[in-house]
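Analysis of the macromolecular model
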Amino acid sequence: MSQSYCFPDTFRFGTATAAHQIEGAWDEDGKGPSAWDVCARQPGFVRTGDTGAVACDHYHRWEADLDLMAALGIKHYRFSVAWPRVIPDGNGAVNEAGLAFYERLVDGMLARGITPMITLFHWDTPQALVDQYGAWTSRRIVDDFARYAGIVVARLGDRCSDWVTLNEVACFTEWGHYVGRPYEGLNAPAVQVASAAERTQTVLHAMLAHGAAVRAIRAASPQPCRVGWAHNEGALVPVTESEADVAAAKAAFVEASSPLKLHAALTGSLPDDWVARGERDGWLPPISDEDLAAIAEPIDQLGLNVYSAGYVRAADNARGYEQVALPKAYPEFGGMGWLNFVPESLYWHCRLTCEVFNFAGEIVISENGCCCADSFSRDGRINDLDRIMYLRQSLKGVQRAVAEGLPLTGYYLWSFMDNFEWLHGYDKRFGLVHVDFATQVRTPKESARWYAETIRQRRVV
Ligand code: IFM
């Protein structure tokens, strides 16, 4: 067998999903509505008019889905718990049926040799909290989220030791709140705020909720566990690997990395120039040293969701670098508008994160994947060679990072199956497994066969 692109035995090859995108059963067994349940019902919010009410019907079909996952040899699975399924109004009584569902799911995974990684929040804010106090606009959400995290971990912590507090903070804070008029592309909870400073405050509250949840998870977990969050940031790749271009990419990364998220959580501070700009332009809310210390609660594992990147090179200007725009014909995936083919991004994002922040914990690629216009061929198969090309090259970047000694210990492919792609409804397919949303029939694509073989050989095939 060839020895190229091999991974160590400990490396976790997984797949990822999120509750609202696959579960359906939006109001069953006592579940409360989420902000996505409510927003998606407003005409025009989701471009296709779809909602997540049924999605992949995973709530009822989870056993068959886990069977399929196990048959493909996938041994690691990142999924999310829906907060309003566990606490329907966000901060009141616990819904036993909701917790019991996740308990069955985790037990089903363990019975099939699949290790869970649980995300506690993947955008399904309990609508009741939006109605009560504006959810992320209020500091009250910090304690409510920490309480919810503690409840889930107290129940499942004997069977799960990998916890992700929040997924992609920007998507439900900066992109889920608006000043003035709602705009196209606005995410749930789609809450209006009075000023840019209030919008920044939603990020502050989310990161405080993350820090508080890290403490709650550690307090509730009956066993040592790995805790972190899943961060999305525009990755940057040097055009060449000359010393000058690499230094340029690093300088660009320092300036680009989200000050109130990555920077604050990993350093316990904020960049001075960002604070100065925020104060000058009025979009910075008060942030105390205690806030920063609470956000920077040490984590064990940083999740990086990496899909695409921009290119950077050295330049003779004050910054010492410039971003190089992608040519019009540059390969792009699925018409998402942001998903360009830059597979080196996984290696560089991981390396720059470690170098810039001296991050000593583990890193996992908590999401990576692509969207393709998959269709059945005459032979009855879905020959998604474009997805295989994307994944193969991406995993080579991951393997390079591991081989060079970066602390990258896992890769969770987005996504196990086609699902509700938020504002795009069911039109955009990211799955290894095709879902016919009319019949709920699952069909593994060629990429699933390729991933299964990669996992079997523990190398990029
Ligand atoms: O489907 C989403 C996921 O919920 C969050 N990260 C990006 C994916 C693809 O858009």
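Going by the structure above, here's the rest.
1. Remarks on the packing of helix α7 (residues 140-156) against helix α9 (residues 196-220)
- Following both chains from N to C, one finds α7 and α9 inclined at 30°, their axes separated by 8 Å at the closest point. By the angle class used here, α7 and α9 are roughly parallel. For the crossing formed where α7 meets α9, the hand is right-handed. Contact with α7, carried on its side by I141, V142, F145, A146, A149, G150, V153 and A154, involves H205, L208, A209, A212, A213, A216, I217 and A220 of α9 and no other residues of that element.

2. A word on the environment of D289
- Within the element layout of this structure, D289 appears in helix α13 (residues 289-295).
- Judged by relative accessible area, D289 falls into the exposed class, the value being 62%.
- With 15 residues separating them in the primary sequence, D289 and L304 have C-alpha atoms 26 Å apart.

3. Quick notes on the packing of aromatic side chains
- Inspection of every chain in the model, using the stated rule, returns 34 aromatic pairs.
- Taken together, the ring pairs in this structure connect W36, F45, W123, F420, W422, Y426 and F437 into an aromatic cluster.
- Over the ring of F101 we find R85; its NZ or CZ atom is 5.9 Å from the centre of that ring.

4. Here's the deal with the sheet that holds strand β11 (residues 321-324)
- Spatially, the 3 strands line up as an open sheet ordered β8-β10-β11, and their pairing is mixed. Looking at which strands have only one partner, the edges of the open sheet turn out to be β8 (235-238) and β11. Adjacent strand axes in the sheet meet at a mean angle of 40° when their direction is disregarded.
- Bridging between β8 and strand β10 (residues 309-314) involves 4 bridges; their strand directions are parallel. Each bridged residue has a counterpart across the sheet, and for P238 the counterpart in β10 is V312.
- Seen against the sheet, helix α10 (residues 243-256) touches β8, β10 and β11 and runs at an angle of roughly 125° to β10.

5. Some points on the pairing of strand β13 (residues 408-414)
- Within β13, 6 of the 7 residues are buried, which leaves it mostly tucked inside the rest of the structure.
- Of the pairings in the sheet, the one linking strand β1 (residues 12-16) to β13 comprises 5 bridges and is parallel in character. Note on β13: the bridge partner recorded for F13 is Y411.
- Pairing of strand β12 (residues 362-368) with β13 involves 4 bridges; the strand directions are parallel. When the sheet's bridge partners are listed, I363 is paired in β13 with L408.
- Read from β12 through helix α15 (residues 385-403) to β13, the crossover connection turns out right-handed.

6. Here's the deal with empty space enclosed by the protein
- In the structure shown here, the tally under the stated rule is 3 cavities of 30 Å³ or more.
- A volume near 60 Å³ is recorded for the largest cavity.
- When contributions to the lining of the largest cavity are tallied by element, the ones reaching two or more residues are α1 (19-22) and α4 (83-86).
- Split by residue class, the lining of the largest cavity holds 4 nonpolar, 4 polar and 5 charged.

7. Observations regarding the pattern of salt bridges
- According to the stated counting rule, one finds 36 salt bridges in the structure shown.
- A salt bridge links R159 to D158, with the nearest nitrogen and oxygen atoms 2.9 Å apart.
- The salt bridge involving R381 is made with E446; its shortest N-O contact spans 3.0 Å. Of the two residues, R381 sits in the loop between β12 and α15 while E446 sits in helix α16 (residues 446-457), which places them 65 residues apart along the sequence.
- Residue class for R381 comes out partly exposed when judged on its relative accessible area of 38%.
- Among the charged side chains, a salt-bridge network with shared partners connects E96, E103, D107, R155, D158 and R159.

8. Some words on the site of the ligand
- As a structural note, the neighbourhood of the ligand is formed by Q21, H122, W123, N167, E168, Y307, W338, E367, W414, E421, W422 and F430.
- In the model, a nitrogen atom of the ligand is placed 2.8 Å from a nitrogen or oxygen of the E168 side chain.
- At 2.6 Å from an oxygen atom of the ligand is found a side-chain nitrogen or oxygen belonging to E421.
- Relative to its free-state accessible area of 280 Å², the ligand is covered by the protein chains to the extent of 95%.
- Most atoms of the ligand, that is more than half of them, are within 2 Å of grid points of the largest pocket.

9. Details of the environment of M207
- For M207, the location among the structural elements is in helix α9.
- Counting along the chain gives 72 residues from M207 to E279, while the straight-line C-alpha distance between them is 20 Å.
- Ignoring anything within four residues of it in the chain, the contact list for M207 reads V169, W229, L260, K261, A265 and I295.

10. Some remarks on the sheet that holds strand β2 (residues 76-80)
- Strand order in the closed barrel formed by 8 strands is β1-β2-β3-β4-β7-β9-β12-β13, with parallel pairing between adjacent strands. The sheet shows a mean angle of 25° between the axes of neighbouring strands, direction not considered.
- For strand β7 (residues 226-232) and strand β9 (residues 301-305), the ladder comprises 3 bridges, and the chain directions are parallel. In the strand pairing of β9, H231 is matched with L304.
- Relative to β13, α15 is tilted by about 165°, and along the sheet it contacts β1, β12 and β13.

Parameters and conventions
Residues numbered from 1 in each chain as written. Predicted model: local features only at pLDDT ≥ 70, side-chain atom pairs only at ≥ 80, totals over all residues. Heavy atoms only, no water. Axes fitted to C-alpha atoms, helices over the stretch in contact; angles between N-to-C directions. Helix = DSSP H or I, 4+ residues; strand = E, 2+ residues; numbered from the N terminus. Parallel < 35°, antiparallel > 145°, perpendicular 65-115°, else oblique. Left-handed = near helix turned anticlockwise from the far one by under 90°. Contact = heavy atoms within 4.5 Å. Buried < 20%, exposed > 50% of the residue type's maximum accessible area, 1.4 Å probe, protein only. Phe/Tyr/Trp six-rings, centres within 6.5 Å; stacked < 30°, edge-to-face > 60°. Lys NZ or Arg CZ within 6 Å of the ring centre and 35° of its normal. Pairing = 2+ DSSP bridges. Right-handed = clockwise from strand over helix to strand, strands pointing away. 1 Å grid on protein atoms, 1.4 Å probe; cavity = no way out; pocket = protein on both sides within 12 Å on 5 of 7 lines; lining within 4 Å. Points joined across faces, edges and corners; volume = space filled by probe spheres on them. Nonpolar A, V, L, I, M, F, W, Y, C, P; charged D, E, K, R; others polar. Salt bridge = Lys/Arg side-chain N within 4 Å of Asp/Glu carboxyl O. Near = heavy atom within 4 Å. Polar contact = N/O pair within 3.5 Å; in protein donor to acceptor, adjacent residues only side chain to side chain. Areas by Shrake-Rupley, 256 points an atom, 1.4 Å probe, with all protein chains shown as cover. Sits in = over half its atoms within 2 Å of the grid points.

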